[in-house]
Amino acid sequence: MAEGQHPQHMLHQLQHQPQQPPRYQAVKAATAATAGGSLLVLSGLTLVGTVIALTIATPLLVIFSPVLVPAAIAVFLLVVGFLASGGFGVAAVTVLSWIYRYVTGRHPPGADQLESARMKLASKAREMKDKAEQFGQQHTGQQGT
């Protein structure tokens, strides 16, 4: 916390920040839904893939190998698949939580870097647009003479 600022003062500042335009909030929400949904789908696909792989591989391993080796492989595949699925699910929930806090203005960790990168990108885009307009005007002016 900055020196000399009280929590009540900071809370008052956060509550009275100018609201972002609804269009900007809609873009943030759409991005959040896309990112979170993608991670949740990846989690589900990993879980389904693990179950299908175990269903197919287990009988083959039992038929063509001694009993303990396929059992160990099946248990390993099961554990790895469920851990990966759970990890993707936790990642999806974490990303959705972070984006929700960002969209609602609660300033999650890393929001400053994101805003800084957004500002730099917007500035460069404006700069490139201006250069392109100047270039177009120069070439249009040279052809007319």
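So, here is what we can say about the structure in this document. Going along each chain's sequence as written, the residues are numbered from 1 onward. Only residues with pLDDT of at least 70 are given local features in this predicted model, and only at 80 or more are side-chain atom pairs given and counted; all residues enter the totals for whole chains, interfaces and linings. Only hydrogens and water are removed before side-chain values are computed, so all heavy atoms of the structure are retained for them.

With respect to the overall build of the protein chain
Phase 1: A run of H or I in DSSP becomes a helix once it reaches four residues, and a run of E becomes a strand once it reaches two; helices and strands are each numbered from the N terminus. On a plain count of helices and strands, the protein chain comes out with four helices and zero strands.
Phase 2: Reading the secondary structure of the protein chain in the N-to-C direction produces α-α-α-α.
Phase 3: Residues classed as buried in the protein chain amount to 12% of the 145 residues present.
Phase 4: Accessible surface area values rest on a Shrake-Rupley calculation with a 1.4 Å probe, where residue burial reflects the displayed protein chains alone. With an accessible surface of roughly 11,100 Å², the protein chain has 70% of that area assigned to carbon and sulfur atoms. The buried label applies to any residue whose accessible area, calculated with a 1.4 Å probe on protein chains only, is under 20% of its type's maximum; exposed applies above 50%, and partly exposed to all values in between.

Things to note about helix H3 (residues 68-103)
Phase 1: In this model, H3 (36 residues) spans 52 Å end to end at C-alpha, consistent with the 52 Å of a helix rising 1.5 Å per residue.
Phase 2: Turning to H3, its buried residues number three or more, namely Pro70, Ala74, Gly81, Ser85, Gly89, Ala92, Ile99, Tyr102 and Val103.
Phase 3: Phi turns positive, to about 85 degrees, at glycine 105, one or two residues after H3. By definition here, a helix of n residues has an expected span of 1.5 Å times n minus one.

Structural notes on unusual backbone geometry
Phase 1: Positive phi outside glycine occurs at histidine 107, with the angle close to 55 degrees.
Phase 2: Structurally, histidine 107 can be placed in the loop between H3 and helix H4 (111-144).

Regarding the side chain of serine 85
Phase 1: Note on placement: serine 85 falls in helix H3.
Phase 2: A relative accessible area of 8% means that serine 85 is categorised as buried.
Phase 3: Once residues lying within four places of it in the same chain are set aside, the contact partners of serine 85 are Ser43, Thr46 and Leu47. Contacts between residues were defined by any pair of non-hydrogen atoms, one from each residue, lying within 4.5 Å.

Remarks on a nonpolar patch on the surface
Phase 1: Taken together, the side chains of Val69, Ile73, Phe76, Leu77 and Val80 present a nonpolar region at the surface, about 410 Å² in accessible area.
Phase 2: Among the residues examined, phenylalanine 76 registers a relative accessible area of 54% and is labelled exposed. Like charges are joined within 9 Å and nonpolar side chains (Val, Leu, Ile, Met, Phe, Trp, Tyr) within 5 Å, but only among residues with over 30% relative accessible area and no salt bridge; these make up the patches. By definition, a salt bridge exists where a carboxyl oxygen of Asp or Glu is found within 4 Å of a side-chain nitrogen of Lys or Arg.

Let's talk about the layout of surface pockets
Rolled over the atoms, a probe as big as a water molecule pinpoints where empty space is left.
Phase 1: Throughout, the protein atoms alone are placed on a 1 Å grid, and a set of points is a cavity if a 1.4 Å probe fits but cannot get out or a pocket if it is open with protein on both sides within 12 Å along at least five of seven lines; lining residues have an atom within 4 Å of a point. Grid points are joined across faces, edges and corners, and a volume is the space filled by probe spheres set on the points. Reported here for the second largest pocket is a volume of approximately 240 Å³.
Phase 2: Lining the second largest pocket are Tyr24, Val27, Lys28, Thr31, Ala32, Trp98, Ile99, Tyr102, Val103, Leu114, Glu115 and Arg118.
Phase 3: Those elements giving two or more residues to the lining of the second largest pocket turn out to be helix H2 (22-64), H3 and H4.
Phase 4: Residues belonging to the lining of the second largest pocket are distributed by class as follows: eight nonpolar, one polar and three charged. Note on residue classes: Ala, Val, Leu, Ile, Met, Phe, Trp, Tyr, Cys and Pro are nonpolar, Asp, Glu, Lys and Arg are charged, and everything else, Gly too, is polar.

Some thoughts on the pattern of salt bridges
Phase 1: Counted according to the given criterion, the structure contains three salt bridges.
Phase 2: The closest approach of N and O atoms between glutamate 127 and lysine 124, which form a salt bridge, is 3.8 Å. With glutamate 127 and lysine 124 both in helix H4, this residue pair falls three residues apart, about one helical turn.
Phase 3: The partly exposed category is assigned to glutamate 127, whose relative accessible area is 32%.

A word on the packing of aromatic side chains
Phase 1: Any two rings among Phe, Tyr and Trp, with Trp reduced to its six-membered ring, count as a pair given centres within 6.5 Å; such a pair is stacked if its planes are under 30 degrees apart, edge-to-face if over 60, and tilted if neither. This model, assessed by the stated rule, comprises one aromatic pair.
Phase 2: Ring geometry for tryptophan 98 versus tyrosine 102: centroids 5.3 Å apart, planes at 10 degrees, classification stacked. Placement of both tryptophan 98 and tyrosine 102 in helix H3 is noted, with a separation of four residues, approximately one turn of the helix.
Phase 3: Owing to a relative accessible area of 22%, tryptophan 98 belongs among the partly exposed residues under this scheme.

In short, shape yes, function no, at least from these values alone.
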